[in-house]
Amino acid sequence: MATFRGLRRVLQASHFLVVIPLGLIVIITALDLALPRSVHLGPLLVVAPALTASFAGPWCTAVIGALAMAAEVVDGLGQGVLGSSEHHVEMIALFAVTAVVVVFRAIHERHQAVLHQVRSISEITQRVLLRPLPRRVGPLRIASIYLAAAAEAKIGGDLYAAARADNVTRLLIGDVRGKGLAAINDAAASLCAFREASHRHLSLSTLITRMETSICQNLTERAETDPDVQECFVTAAVVEIPDTEPTVNVIACGHPPPLLLRGNRVLTLQPDQVGPPLGLELLTASEPRPATYPFGPGDVLLLYTDGVIEARDRTGEFFDLPARLGERAGDDVDTLVERIRERLFLHVDGRPDDDTVMIAIERLPAPDP
């Protein structure tokens, strides 16, 4: 619906702007007929179709070009030069310019149509792979922000997911080290394994093992056709939050540790055992075990990707996420992630050049009986 409203606004603006080249045709023709024959303004009519091509489609540009040529004929009749070699040159030049801008405008619109189709496919891919996180699940309130490195992109190498089973909420955040379709393939394998294992009520350690197996299988299948497959792996962090216990269980596999905002303090939940990234076939030696931390009512847990903490300003200084998080103590999770996003954009003076995900989870107080 928003796309159609935007298209309607563009069309309305084009209809309004078409008055400008029409006015130019009328003014140039009237002045040329009123001025002495020594002053000839007919060549200026070429401005009308050239200007129209900047905001209107090829058909509208062609119509304006035809009207400009008709005005050139009227001008030639009024000046008494119709049929002269000079007038023929002006007509040919006006026709050539109109034809060129019409062709280029048609090519531009074709490219725009292809770009719109690519964006639509990207949006569908995002909705299939990265389902929007619920705003409220169990005793938790969740807010998230996803920023692809490319301003026009809808999906990048970062991933996230949430699953609910047996009064337990699990959240996954990860970062695929790869490019193009290969990265999307690995992200899909990670997300599918996470959701399947969560719905089967498997333990957190078994869940990570299933994700490792699924990603390695995908990489093995692509090894013969993709020479860069050995460079692909996935860093991930999975948290498990039970409804009835004020705790959070964390497993990190090469991923930045979660941050816990408790009052005015910012705590780093760095597990003693950090597993290697998924896809490197290194988890078979030692299965990662979750670390447990207190997570009571009013606490806020922040999951993030390295696109946040590795963002640099012009001097090369990294974005200090714990400090920015401490400044936002007392904010609700929606305000928290939005203000951190604003500070991140100010820090890098624009948009981060890496994919960025932030997920804030707040445990709400138990309802009054």
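Since we're looking at a predicted model, the values are computed, not measured.

### Some thoughts on empty space enclosed by the protein
Remark: the empty space left among the atoms is shown by a probe the size of a water molecule rolled over them.
Then step 1. Inspection of every chain in the model, using the stated rule, returns one cavity of 30 Å³ or more.
Then step 2. Take the lining of the largest cavity: its biggest share by element is three residues, from strand E10 (residues 300–304).
Then step 3. Here the lining of the largest cavity is built from residues that sort into eight nonpolar, one polar and no charged.

### Looking at the packing of helix H2 (residues 19–34) against helix H4 (residues 58–79)
Then step 1. Packing of H2 against H4 brings their axes to within 10 Å, and their N-to-C directions diverge by 10 degrees. For the element pair H2 / H4, the angle class is roughly parallel. Of the residues in H4, those touching H2 at Pro21, Leu22, Ile25, Thr29, Asp32 and Leu33 are Ile64, Leu67, Ala68, Ala71, Val74, Asp75, Gly78 and Gln79.
Then step 2. Grouping the amino acids of the contact of H2 with H4 by side-chain chemistry returns nine nonpolar, three polar and two charged.

### Some thoughts on the pairing of strand E3 (residues 158–165)
Regular strands have side chains that alternate between both faces of the sheet.
Then step 1. A large share of E3 lies buried, amounting to six of its eight residues.
Then step 2. Across eight bridges, the pairing between E3 and strand E4 (residues 168–177) is antiparallel. Following the sheet pairing, Ala163 is matched in E4 by Arg170.
Then step 3. What sits between E3 and E4 in their antiparallel hairpin is a turn of two residues, with Asp166 showing a positive phi close to 55 degrees.

### What about the sheet that holds strand E9 (residues 291–294)?
Then step 1. What the five strands build is an open sheet, ordered E3-E4-E5-E6-E9; its pairing is antiparallel. Of all strands in the sheet, those bounded by a partner on one side alone are E3 and E9. Between one strand axis and the next, the sheet turns by 20 degrees as a mean value, whatever way the strands run.

### With respect to a nonpolar patch on the surface
Then step 1. On the surface, Ile20, Leu44, Val47 and Leu51 cluster together to form a nonpolar patch covering roughly 300 Å² of accessible area.
Then step 2. You can see Ile20 is positioned in helix H2.

### Things to note about the sheet that holds E10
Then step 1. If you trace the six strands from one edge of the open sheet to the other, you get E1-E2-E11-E10-E7-E8, paired in antiparallel fashion. Each edge of the sheet is formed by a strand with only one pairing partner; in this case those strands are strand E1 (136–137) and strand E8 (265–268).
Then step 2. Bridging between strand E2 (residues 140–147) and strand E11 (residues 356–363) involves eight bridges; their strand directions are antiparallel. Residue pairing for E11: Arg141 is matched across the bridge by Glu362.
Then step 3. Running at roughly 25 degrees to E2, helix H10 (residues 333–348) makes contact with E2, E10 and E11 of the sheet.

### A closer look at the pairing of E8
Then step 1. As paired strands, strand E7 (residues 259–262) and E8 are joined by four bridges and run antiparallel to one another. Pairing of Leu260 across the sheet is with Leu267, part of E8.
Then step 2. Adjacent in sequence and paired antiparallel, E7 and E8 are bridged by two residues, among which Gly263 carries a positive phi angle near 65 degrees.

### Regarding the nonpolar core
Then step 1. Ranked by size, the top nonpolar core spans 51 residues in total, and within it Val248, Leu301, Ile359 and Ile361 carry the most contacts.
Then step 2. Once residues within four sequence positions are removed from consideration, Ile359 is found in contact with Leu133, Ile142, Ala143, Ser144, Tyr160, Leu171, Leu172, Ile173, Leu301, Leu302 and Leu303.
Then step 3. Counting residues in hydrophobic clusters, the runner-up holds 21 residues, among them Ala143, Leu261, Leu344 and Met358.

### Re the confidence of the model for the protein chain
Then step 1. Considering every residue of the protein chain, the mean pLDDT works out to 81; 86% of them sit at 70 or more.
Then step 2. Low pLDDT, under 50, characterises residues 6–13; the stretch is placed with zero contacts to residues that sit more than four places away or in other chains.

### Thoughts on the pattern of salt bridges
Then step 1. Per the counting criterion, the structure on display carries nine salt bridges.
Then step 2. Arg135 is paired through a salt bridge with Asp334; the nearest N and O atoms lie 2.7 Å apart. Separated by 199 residues along the polypeptide, Arg135 in the loop between helix H5 (85–129) and E1 and Asp334 in helix H10 bring together distant segments of the chain.
Then step 3. For Arg135, a relative accessible area of 53% gives the class exposed.
Then step 4. When the shortest N-O distance is used, the salt bridge between Asp299 and Arg262 registers 3.1 Å. Linking Asp299 in the loop between E9 and E10 with Arg262 in strand E7, this pair joins segments that are 37 residues apart in sequence.
Then step 5. A relative accessible area of 7% places Asp299 in the buried class.

Calculation rules
- Residues numbered from 1 in each chain as written.
- Predicted model: local features only at pLDDT ≥ 70, side-chain atom pairs only at ≥ 80, totals over all residues.
- Heavy atoms only, no water.
- 1 Å grid on protein atoms, 1.4 Å probe; cavity = no way out; pocket = protein on both sides within 12 Å on 5 of 7 lines; lining within 4 Å.
- Points joined across faces, edges and corners; volume = space filled by probe spheres on them.
- Helix = DSSP H or I, 4+ residues; strand = E, 2+ residues; numbered from the N terminus.
- Nonpolar A, V, L, I, M, F, W, Y, C, P; charged D, E, K, R; others polar.
- Axes fitted to C-alpha atoms, helices over the stretch in contact; angles between N-to-C directions.
- Parallel < 35°, antiparallel > 145°, perpendicular 65-115°, else oblique.
- Contact = heavy atoms within 4.5 Å.
- Buried < 20%, exposed > 50% of the residue type's maximum accessible area, 1.4 Å probe, protein only.
- Pairing = 2+ DSSP bridges.
- Patch = residues over 30% accessible without salt bridge, like charges linked within 9 Å, V, L, I, M, F, W, Y side chains within 5 Å.
- Areas by Shrake-Rupley, 256 points an atom, 1.4 Å probe, with all protein chains shown as cover.
- Salt bridge = Lys/Arg side-chain N within 4 Å of Asp/Glu carboxyl O.
- Core = buried A, V, L, I, M, F, W, Y, C linked by side-chain atoms within 4.5 Å.
- pLDDT = per-residue confidence, 0-100.

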